[in-house]
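This is what each chain is made of:
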Amino acid sequence: MPIAAFTWTEFAQQLAAGIREGAIYAGLALAIVIIYRSTRVINFAQGEMATFTTFIAWSLMNQGLTFWEAFPIVLAIAFTGGVVIERTLIRPVENAPVLTIVIITLGLALLLNGLMNLIWGGANVQFHGPFSTRTIDVGGVPVSVQDIGIVAVSILLVGLLALFFRFTKLGLGMRAAAVNRDSSRLVGVRVSWMFALGWGIATVLGAVAGMMIAPVVFLDPNMMQTILLYAFAAAVLGGLDSPVGAVVGGILLGVTITLLGRYVGFIGSTLKLPAALLLILVLLLVRPGGLFGKVAVRRV
Amino acid sequence: MSLLELRNVEARYGPVKALHGVSLTVGGGELVAVLGANGAGKTTTLRAISGTVRRTGDLVFGGKALPRRPEGTARAGIAHVPEGRGTFSDLTVWENLRLGAYTRRGGIKDDARRVFGFFPRLEERRHQQAGTLSGGEQQMLALGRAMMARPKLLLLDEPSLGLAPIVVNEIFEALERMKGQDGMSVLVVEQNANLVLAHAARAYVLEVGAVVVEGTSDELRANQSVRKSYLGY
């Protein structure tokens, strides 16, 4: 693939596109980490859950609601749905081996995918996002309003979550439940409900990621599948245990693959994913816990 | 009437029975010790009270049946400082104290000031991760966290374990002052019988999951077999 001459303007544009990609990965990676931290389970249904909620948004908008009218309704549905899924599907097998729960999340992914095909049909649909796709000039670099909007919404969401986990009693209880179940119960934290709340929050994060990315790609039941792979990679890159790591990992990954795809000739768009995974592999050889994660030390 | 009463409490870990019918009482504002060799069921007795092990028998706390789960006993007013102290090593000292007050409504500033009054070192380290504290400081944090709940009953498991004698004294003195200030009751498990009998009003001696001797601290100190087995003179 021939590469056009390098210009700083174009580099900045690519960088902006990479950050926008990364913001989506970061949101989904954060969702994965929140569930992983509390229950040591990777939720393979995270992508399908996000797409499902995005379809709900699409249906609401077809009923005449604007995006921002549908948005809070979808978040409420997502939160409730996440809690209900945890209570009904995960809670009964809470103490089962991790593999059992992983299989359940895989089954849930297939179930949701089937349901989406059944309810909304398999075809791609156009999803009209809240932001215009025209570009504005930011310090001499043309950037689309949509990209800025996506990044702004992601920053806002992550910031709100950070405040929640840091300053509220409930947020502290959730963190405590994730790091030490027994002690949490002794101080009166209802650990099991904290896990359900975690599922609710993770589902909300997924819903936002879905509603942000759907206008960029097309909305179809498989929309999130590749994105989920990137989000897994981002979560591992940051260290599966670290919410900060998930966000940083997501942005880093988005920027890296965008720049690689653009500037390294033989990679192009086809080899982006393998190239990114190779980079992560190398990084994990050096830092097995990821960028921000802690390597589990077993004391004997 | 006593604050806590256990009648014929049994507990088991899977197929292994650890308590064979323990009966004991703790009065309001009283410091009661549980003595016994390793494996006698001291820790399990505390765990049966806080609900961290399955148990049967009658457990009455403040005139009501004691809840079965630790979330419930914590809300009923029992603070359990377990073996190994149960601090949250990934969280800061301040966050640990906040968690202590988890079941309570209202402000925590005054309580925190009180804890820092007992253990000034915790205030210096309030933004440090609890895992980076020394053993003594962690025990202070564990006690401080328990105080934040303003408990009616404090369950304390081997507070002296692995600590230098001077730190142990500091901790027991703080415990006495805390108890004096708000009339809290304490049930403490301790290997160091000499130490704990100096502070406790009464004590129970456990052997293989049952109470074999009980009495005031003076009575126990005068008891031949207790002296031989636990006091070493």
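Right, let's walk through the structure included here. This is a predicted model, so every value here is computed, not measured.

The helix and strand tally for chain B stands at 10 helices and 10 strands. Taken over the C-alpha trace, chain B has a radius of gyration of 17 Å; the compact-globule value for 233 residues is 17 Å, and the two agree within 12%. With 233 residues in all, chain B has 48% of them scored as buried. Considering only contacts within chain B whose residues lie at least 6 apart along the sequence, 68% involve residues at least 24 apart.

Moving on to the overall build of chain A. The secondary structure content of chain A amounts to 11 helices and 2 strands. Helices (α) and strands (β) of chain A occur, in sequence order from the N terminus, as α-α-α-α-β-β-α-α-α-α-α-α-α. Here the C-alpha atoms of chain A give a radius of gyration of 19 Å, agreeing with the 19 Å that 2.2 N^0.38 yields for 300 residues. Overall, chain A is about 60 × 55 × 35 Å in size when its C-alpha atoms are taken along their principal axes. Classification of the 300 residues of chain A by burial places 45% in the buried group. For chain A, the share of sequence-separated contacts (at least 6 apart) that also reach a separation of at least 24 residues comes to 72%.

With that settled, consider the sheet that holds strand 7 (residues 153-157) of chain B. Residue and element names in this part refer to chain B. Strand order across the open sheet formed by 6 strands is 6-7-8-3-9-10, with mixed pairing between neighbours. Since the sheet does not close on itself, it has two edges, and those belong to strand 6 (78-81) and strand 10 (210-216), each with one partner. Within this sheet the neighbouring strands show an average axis-to-axis angle of 15 degrees, counted without direction.

Time to look at the interface of chain B and chain A. In this complex, chain B contributes 18 residues to the contact, which on the side of chain A involves 15 residues. Along the lines of polarity and charge, the residues of the side of chain B that touches chain A split into 7 nonpolar, 6 polar and 5 charged.

In a regular helix each residue adds 1.5 Å, so 32 residues correspond to 46 Å; helix 1 (residues 8-39) of chain A covers 45 Å between its end C-alpha atoms and thus fits that length. Note on helix 1 of chain A: the residue one or two positions beyond its end, Arg40 of chain A, has a positive phi of about 60 degrees.

The next thing to look at is the environment of Arg190 of chain A. Residues and elements named next belong to chain A. Along the polypeptide, Arg190 turns up in the loop between helix 7 (181-186) and helix 8 (191-213). Judged by the 18 C-beta atoms lying within 10 Å of it, Arg190 falls in the partly exposed class. Taking the C-alpha atoms as reference points, Arg190 and Val204, 14 residues apart in sequence, are found 21 Å from one another.

All names here are of chain B. If you walk across this open sheet you meet the 4 strands as 2-1-4-5, and the pairing is antiparallel. Each edge of the open sheet is held by one strand with a lone partner, namely strand 2 (16-26) and strand 5 (64-65). As paired elements, strand 1 (residues 4-13) and strand 2 share 8 bridges and run antiparallel to each other. Along strand 2, the bridge assignment pairs Glu5 with Thr25. Running over the sheet, helix 1 (residues 42-50) touches strand 1, strand 2 and strand 4 (55-61) and is turned about 70 degrees from strand 2.

Turning next to the pairing of strand 1 of chain B. Residues and elements named next belong to chain B. Where strand 1 folds back on strand 2, the antiparallel hairpin that results is connected by 2 residues, among which Gly14 adopts a positive phi of roughly 60 degrees. Pairing analysis gives 6 bridges linking strand 1 to strand 4, with the strands arranged antiparallel. Its bridge partner lying in strand 4, Leu6 is registered against Leu59.

For the rest of this paragraph, the subject is helix 8 of chain A. Between its first and last C-alpha, helix 8 of chain A extends 33 Å over 23 residues, near the 33 Å set by a 1.5 Å rise per residue. The buried count for helix 8 of chain A comes to 20 of 23 residues, which makes it a mostly enclosed element.

The next subject is the nonpolar core. One finds Leu28, Ala29, Ala231 and Ala234 of chain A to be the most contacted residues of the largest nonpolar core, which totals 158 residues. Those residues in contact with Ala231 of chain A that sit more than four places away from it in its chain are Tyr25, Leu28, Ala29, Ile32 and Gly250 of chain A.

As a further point, take unusual backbone geometry. Unusually for a residue other than glycine, Arg40 of chain A sits at a positive phi of about 60 degrees. By secondary structure assignment, the location of Arg40 of chain A is in the loop between helix 1 and helix 2 (46-62). A residue is classified by how many C-beta atoms lie within 10 Å of it, and Arg40 of chain A, with 12 of them, is exposed. We note that Asn8 of chain B has phi near 50 degrees; this positive angle belongs to a residue other than glycine. With respect to the element layout, Asn8 of chain B can be found in strand 1.

Thresholds applied
Residues numbered from 1 in each chain as written. Chains lettered and ligands numbered in written order. Predicted model: local features only at pLDDT ≥ 70, side-chain atom pairs only at ≥ 80, totals over all residues. Helix = DSSP H or I, 4+ residues; strand = E, 2+ residues; numbered from the N terminus. Rg over C-alpha atoms; globule rule 2.2 N^0.38 Å. Buried ≥ 20, exposed ≤ 12 C-beta atoms within 10 Å, placed from the backbone. Contact = placed C-beta atoms within 7 Å. Pairing = 2+ DSSP bridges. Axes fitted to C-alpha atoms, helices over the stretch in contact; angles between N-to-C directions. Nonpolar A, V, L, I, M, F, W, Y, C, P; charged D, E, K, R; others polar. Expected span 1.5 Å × (residues − 1). Core = buried A, V, L, I, M, F, W, Y, C linked by C-beta atoms within 7 Å.

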